[in-house]
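Fold and geometry: a report
The primary structure of each chain is shown beneath.
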Amino acid sequence: MTEIPAASTEARQRIKTDQPHTARIWNYWLGGKDNYEVDQAAGDQIRTLHPGIGDYALADRQFLGRAVQYLAGERGIRQFLDIGTGLPTADNTHEVAQRIAPESRIVYVDNDPIVLAHAEALLTSTPQGRTDYLDEDLRNVDTILEQAAKTLDFSRPVALMLLGVVIFIEDDDEASGIVRRLMDRLPAGSHLALSHTITRPDMPDVDAAVAFWNEHGTPKLTQRTPDHIAGFFDGLELLEPGVVSCNRWRSDDSETDLPAEVAMFGGVGLKA
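As a starting point, this report considers the structure included with it. Since the model is a prediction, treat every value here as computed from it, not as a measurement.

Looking at the overall build of the protein chain
- Within the protein chain, the secondary structure is distributed over 11 helices and eight strands.
- Compactness check: the protein chain gives a C-alpha radius of gyration of 17 Å against a globular reference of 19 Å for 272 residues, within 12% of the reference.
- Based on the C-alpha atoms only, the size of the protein chain along its principal axes is roughly 45 × 45 × 40 Å.
- Counting every position in the protein chain, which comprises 272 residues, the buried fraction comes to 52%.
- In the protein chain, the share of contacts with a sequence separation of at least 24, taken over all contacts with a separation of at least 6, comes to 73%.
- Accessible area of the protein chain: about 11900 Å², with a carbon and sulfur share of 47%.
- Averaging the positions of the 25 positive and the 43 negative side-chain charges in the protein chain gives two centres separated by 5 Å.

Description of the nonpolar core
- Grouped together as the largest cluster of nonpolar side chains are 84 residues, with contacts concentrated most on Phe80, Leu81 and Leu162.
- Broken down by element, this core gets its largest block of residues, 11 residues, from helix α4 (residues 53-73).
- Residues in contact with Phe80, not counting those within four places in the same chain, are Val68, Leu71, Ala72, Thr93, Ala97, Arg105, Ile106, Val107, Leu152, Val158, Ala159 and Met161.

Side note on the environment of Ala175
- Relative to the helices and strands, Ala175 resides in helix α9 (residues 172-184).
- Along the sequence, Ala175 and Asn35 sit 140 residues apart, while their C-alpha atoms lie 28 Å from each other.
- Non-local contacts of Ala175, meaning those with residues more than four positions away in its chain, are made with Val166, Ile169, Arg224 and Phe232.

Cut-offs and rules
- Residues numbered from 1 in each chain as written.
- Predicted model: local features only at pLDDT ≥ 70, side-chain atom pairs only at ≥ 80, totals over all residues.
- Heavy atoms only, no water.
- Helix = DSSP H or I, 4+ residues; strand = E, 2+ residues; numbered from the N terminus.
- Rg over C-alpha atoms; globule rule 2.2 N^0.38 Å.
- Buried < 20%, exposed > 50% of the residue type's maximum accessible area, 1.4 Å probe, protein only.
- Contact = heavy atoms within 4.5 Å.
- Areas by Shrake-Rupley, 256 points an atom, 1.4 Å probe, with all protein chains shown as cover.
- Lys, Arg positive; Asp, Glu negative; His and termini not counted.
- Charge placed at Lys NZ, Arg CZ, Asp CG, Glu CD.
- Core = buried A, V, L, I, M, F, W, Y, C linked by side-chain atoms within 4.5 Å.

Take a look at the structure:
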């Protein structure tokens with residue numbers, strides 16, 4: 001597995017502790033400890049503007065678990081390319097996949113220095129499988145695929161996980177182009193799992209919370225409508241139940257209670 005102590009040290013030097021950051025606030029809302037007072041203050045302020053915002057993090061995390069469980073358990077996927085990894089918590093992609101299929105291979109990708117600093121926690125695996133981590137930006141599609149090919153076999157189906165990461169691409173055409181370029185390079189039988197913060201007239205407090213974040217935090221976020229998010233699956237077979245609130249995607253009654261809908265929508269599509 002990859003040796004990264006030097007990269008980790010360098011990453012820690014790049015971390016700005018005087019400015020709130022999305023990954024750390026997300027970690028705070030999930031009850032993690034990898035955050036600073038500045039993140040907690042911003043997270044609390046956002047929660048004042050939109051009290052249900054913390055439910056996004058939980059719903060998105062549950063969506064990840066259900067999507068990976070479905071892909072590994074019912075679709076037979078044994079390779080996962082998880083871009084926009086975020087800070088490691090319980091039930092990361094490799095943990096869910098390898099519980100079902102120990103031979104599963106996972107490549108995590110993120111360009112956040114605090115995620116890189118904690119990457120050692122991600123670089124664990126069953127003896128039969130493998131995990132790796134790339135310090136790379138979502139926009140660098142060719143580099144990501146070139147480096148990921150050292151761990152993944154792109155002649156076999158891959159699940160591309162883009163959870164809460166396309167929101168950082170402001171331009172609509174660029175965002176769609178990135179998703180399309182990634183999926184174009186994957187073989188038939190591959191899947192796309194994607195989640196994204198939405199904007200909708202009946203959720204004005206979400207817009208206020210995002211506006212506050214974009215004024216005070218980093219990186220900036222872009223909201224999109226549910227229909228726009230469904231457009232990321234153009235050319236794919238969008239699997240049931242389609243693009244829905246993350247907590248309603250193939251959920252069951254055993255999971256933590258959440259509102260009927262949260263402003264984080266997701267879906268899974270198949271490349272035929």
